[in-house]
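Listed here are the chains, written in short residue letters.
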Amino acid sequence: MRVLSIDLGSWSVKAVELDTSFGRYEIHDYHEERVREGQTPAQTAGRMVRALSRAPEAIVVGLPQGKVTFRNLHLPTRDRREIQNAIAFELEDELPFETDDSVFDHSILSQGSDGTHVHIAGTLKRHVAELLAELQEEGIDPDVVTTEAWAIRGLINRIVDKGVQESPVMVACLGDAHSTLQVHWKGFPVLSRRVSWGGKQATEALARHYGIPREEAENAKIQSGFILASEPRGRATPDQIEFSDALMEGLKPLFTEIRQTALSARNLTQMELKSIFLCGGTSLLPGLRSVLEEQNQLPSYPAQALSAVSLSGLSYSEETDASQPIAAALALTQVGQERGKTPNLRRGELSKAGASQGIDFKTLRKPLIAAGSVAASLFLSLAFQSSVYDSRMEELDLQVERSLKTFFGPLSASAVRTYLSNPERLKRAVRSELEKEREISALFNENPHSPLDFLNSLSGAVPKDIVVDMVSFTVGAAPGTPYDRSAAERGGVSFVLESKESEERLERLLGGLLAGVRKEESATLPPGQDGKQRFKVSFSGTPTESSYGK
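Residues numbered from 1 in each chain as written. Predicted model: local features only at pLDDT ≥ 70, side-chain atom pairs only at ≥ 80, totals over all residues. Heavy atoms only, no water.

**Points about the packing of aromatic side chains**
Part 1: All chains considered together, the criterion is met by 5 aromatic pairs.
Part 2: Between tyrosine 210 and phenylalanine 243, the ring centres sit 6.3 Å apart and the planes meet at 40 degrees, which makes this aromatic pair tilted. Separated by 33 residues along the polypeptide, tyrosine 210 in helix α5 (residues 199–210) and phenylalanine 243 in helix α8 (residues 238–269) bring together distant segments of the chain.
Part 3: Taking the relative accessible area as the measure of exposure, tyrosine 210 reaches 33% and is therefore partly exposed.
Part 4: An aromatic cluster is present here, built from Tyr210, Phe226 and Phe243 joined pairwise through their rings.
Part 5: For arginine 34, the ring lying beneath its charged end belongs to tryptophan 11, and the centroid distance is 3.2 Å.
Part 6: Note that arginine 153 overlies the ring of tryptophan 150, its terminal NZ or CZ placed 4.0 Å from the centroid. (Phe/Tyr/Trp six-rings, centres within 6.5 Å; stacked < 30°, edge-to-face > 60°. Helix = DSSP H or I, 4+ residues; strand = E, 2+ residues; numbered from the N terminus. Buried < 20%, exposed > 50% of the residue type's maximum accessible area, 1.4 Å probe, protein only. Lys NZ or Arg CZ within 6 Å of the ring centre and 35° of its normal.)

This is the structure:
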C-alpha cells in the first residue's frame, strides 16, 4: 500500500511516500515544494499530489500544535467502554472549549493491574472542517487527520533509545514562521508548545542590521550564515563577530522559549532535560547547536528523520533530514501497530466514511441482485452439505458403538457416550485390554525359549575334533513351564576338556549362541583312572534367538 504524508508548512509543503506491506515499510520518495506567493499551502499540496506518478491508497496530514491540545490521563479501569465514558467525563473540565464544538480521539499508551494510561488529542471541529475543505478543494481527501505531537512521539521512539527517554528530551522543530517545542518522556509527549518564532525572524534581523532586502538577507543566511559560541568567537574577525551578533539578535527569542519550555518540563516531570533534538531548515545554521549547548548545558543533536528510520540503511543529506521530520513522522503513524493506535480527529460528521451516504443504490441494483443469488445458492449448498454430514456422522457413531460392544463386551449407554466423547480415554482402554490379552496368551502358550532347543543348537555347534564332557547346563526354563518374559535371559554351561588348547576354540564357537559370552577361570582336575590330565571350564552369557533355532 502506498501511504502519502503531507506536512503543510508556511514556507514549503513537504511529503513522504511510504510503501507498506505486512508491518514493514520502505521509503519510496520524498518531496518538497515552495509555497508560491499568493498561494496557500493546500494549493501547493494539490499541485504536488497531482504530479505524483501513482495515486496513494492512504493520505495522512497533521494539524499544527497551535490548533490542538492533548492530555495524558491515568484511568483506574481496563474496560474499553468504561474508558470511553471516563474520557468524556474528564474532558468536560479539561478541554478549553465546549465539548459539543470539539472532536477528540484517544490512544492507549499502556495498561497494567492499576488501570490504563491514555493519550487524548482534541481540537475544535471547525479547525478540522476548514483543513478538509481547503484540501478537498484541491482534490485531496485525507484518511487520517492527526496531531504533530503524536507523530513526533512515534519518530522519537524510533530514533531515541528507551534508556535515554528515562529522562525527558526536547524536540525543537524550527519552522519559517512558527516553531514547535515538544518534551518527550518515557515514550510519549508531556508538553508541546507552538511558539511565534521562525527562521524568518533571524533573516529580518540580518536585513535590519545591514539595511538589505529580505531576499538578499535570506540568501546570505542560507549560504554563509553562522553564529559564534564563546570558544570560536575569540578567534573570529570583527566582521565575523558583527555578522554573528546580527543573526544572534534574531535568535534570542528562540533561546528564551527553549529555556521556558525546559522549566515547564521540569515542573511537570520533576526531572532535568537530558538532551535537545533539532530539526527544520534553521537547525542547519552553523554554530547553532554549540550555542544551545553552551547556554543550556545540554547536548544537542540533529533529528535525522529519514536516515534514522530508513530500513534499507540509506543515508540522506543533512538538508533532507532537517526538512522532512514532520512528514516522515506522519507517514510512520500508518506503519505496523502505530496504524491502529494513531488518534484520528476525522470523526463523527467529519469522518471520511460519511461520504458514502450519498451513493445512489439504484446503480447497484443488478450487482446486489446477483450477489444475493450467489449468497442464496451458497446458503442452500451449505445447508445440504451440513445435512449429509450429520447423517454420515450418525452412521459412523453407530458403527463405532457396535465395534465397542464387540471389543469390550456389554457396555452401558453412558459408557459408550463417555468413550465417544473422549477419544483419549478410549485409546487407553483399548491399549489396556490388548495388554491383558497378550499377558494371558503368554501364560498359556508353550515357552518359545526351550532349553532343549538351545542344547540341540549347542551340540551342532561343537565339532567332533573337540572332545568335551558337559557337566553343567543352565539355560531357560523347564519344558512345559509358563513363559515369563520378565525373567532374566541368562545361560551358562560347563565342560571338561582333555586339551587346554580347545578352550579358545570353544569360546569362539559359543560366541554365536551366547551374546556377551564370558569365560570363567579354568580349573585343572586330578588325573583320572586312565592317568590323563583334564581341565574344567565354564562359560556364561545371554542366549540369542538363533541359539534356540529361531
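**Describing a nonpolar patch on the surface**
Part 1: On the surface, Tyr389, Met393 and Leu396 cluster together into a nonpolar patch covering about 300 Å² of accessible area.
Part 2: Counting through the fold element by element, methionine 393 comes out in helix α14 (residues 365–408).
Part 3: Under the relative-accessibility criterion, methionine 393 is labelled partly exposed at 32%. (Patch = residues over 30% accessible without salt bridge, like charges linked within 9 Å, V, L, I, M, F, W, Y side chains within 5 Å. Areas by Shrake-Rupley, 256 points an atom, 1.4 Å probe, with all protein chains shown as cover. Salt bridge = Lys/Arg side-chain N within 4 Å of Asp/Glu carboxyl O.)

**Describing the nonpolar core**
Part 1: In this structure, Ile227, Leu247, Leu251, Phe255, Ile258 and Leu288 are the most contacted members of the largest nonpolar core, which totals 36 residues.
Part 2: Elements that contribute at least two residues to this core include exactly β9 (169–174), β10 (179–185), β11 (188–195), α5, α8, β12 (275–279) and α9 (288–296).
Part 3: Looking at this core, the element that brings in the most residues is α8, giving 9 residues.
Part 4: Among residues more than four places away in sequence, those in contact with leucine 288 are Leu174, Ile227, Leu251, Phe255, Leu278, Thr282 and Ser283.
Part 5: By size, the runner-up hydrophobic cluster in this structure holds 31 residues, among which are Ala58, Ala151, Val160 and Ala327. (Core = buried A, V, L, I, M, F, W, Y, C linked by side-chain atoms within 4.5 Å. Contact = heavy atoms within 4.5 Å.)

**Observations regarding the side chain of aspartate 321**
Part 1: Here aspartate 321 shows up in helix α11 (residues 318–323).
Part 2: Within the buried set, aspartate 321 has no salt-bridge partner at all; the shortest N-O distance to an opposite charge, 11 Å, is to arginine 289.
Part 3: Only 3.1 Å separates the side chain of aspartate 321 from the backbone nitrogen of leucine 306, close enough to count as a polar contact.
Part 4: Those residues in contact with aspartate 321, other than ones at most four positions away along the chain, are Ala303, Gln304, Ala305, Leu306, Ser307 and Tyr316. (Lys, Arg positive; Asp, Glu negative; His and termini not counted. Polar contact = N/O pair within 3.5 Å; in protein donor to acceptor, adjacent residues only side chain to side chain.)

**Overview of the pairing of β11**
Part 1: Along β11, 6 of the 8 residues are buried, which leaves the element largely enclosed by surrounding structure.
Part 2: Of the strand pairs in this sheet, β10 and β11 are connected by 7 bridges, and their pairing is antiparallel. Bridged to tryptophan 185 within β11 is phenylalanine 188.
Part 3: The antiparallel hairpin formed by β10 and β11 contains 2 residues in its connecting segment, where lysine 186 sits at a positive phi of about 55 degrees. (Pairing = 2+ DSSP bridges.)

**Examining the pattern of salt bridges**
Part 1: Inspection of the entire model under this criterion finds 18 salt bridges.
Part 2: For the salt bridge of lysine 125 with glutamate 349, the shortest nitrogen-to-oxygen distance reads 3.3 Å. Taken together, the residues span a long stretch of sequence, with lysine 125 in helix α3 (residues 125–137) and glutamate 349 in the loop between α13 (338–341) and α14 at a distance of 224 residues.
Part 3: Looking at lysine 125, the relative accessible area reads 25%, which means it is partly exposed.

**Focus: helix α1 (residues 41–50)**
Part 1: For α1, the buried fraction is high: 7 of the 10 residues fall into the buried class.
Part 2: Taken as a whole, α1 has its buried residues at Ala42, Thr44, Ala45, Gly46, Arg47, Met48 and Val49.

**Regarding the pairing of strand β4 (residues 58–63)**
Part 1: Among the 6 residues of β4, 6 are classified as buried, and the element is accordingly described as predominantly covered.
Part 2: Covered by surrounding structure in β4 are Ala58, Val60 and Gly62 together with Ile59, Val61 and Leu63, the residues of both alternating faces.
Part 3: Here 4 bridges tie strand β1 (residues 2–8) to β4, and the two strands are oriented parallel to one another. When the bridges of β4 are listed, leucine 4 appears paired with isoleucine 59.

**Topic: the packing of α5 against helix α6 (residues 214–224)**
Part 1: Packing of α5 against α6 leaves a shortest axis separation of 8 Å and a crossing angle of 110 degrees. Classified by the interaxial angle, the pair formed by α5 and α6 is roughly perpendicular. Like other packed secondary-structure pairs, α5 and α6 cross with a definite hand, here right-handed. Residues Gly199, Lys200, Ala202, Thr203, Glu204, Leu206 and Ala207 of α5 pack against Arg214, Ala217, Glu218, Ala220 and Lys221 of α6.
Part 2: For the contact of α5 with α6, a count of residues per class yields 5 nonpolar, 2 polar and 5 charged. (Axes fitted to C-alpha atoms, helices over the stretch in contact; angles between N-to-C directions. Parallel < 35°, antiparallel > 145°, perpendicular 65-115°, else oblique. Left-handed = near helix turned anticlockwise from the far one by under 90°. Nonpolar A, V, L, I, M, F, W, Y, C, P; charged D, E, K, R; others polar.)

**Structural notes on the environment of leucine 497**
Part 1: Take leucine 497: it is sitting in strand β15 (residues 491–497).
Part 2: Separated by 28 residues in sequence, leucine 497 and leucine 525 place their C-alpha atoms 9.8 Å apart.
Part 3: Not counting residues up to four positions away in its chain, the partners in contact with leucine 497 are Val467, Val468, Ser502, Glu503, Leu506, Arg534, Phe535 and Val537.

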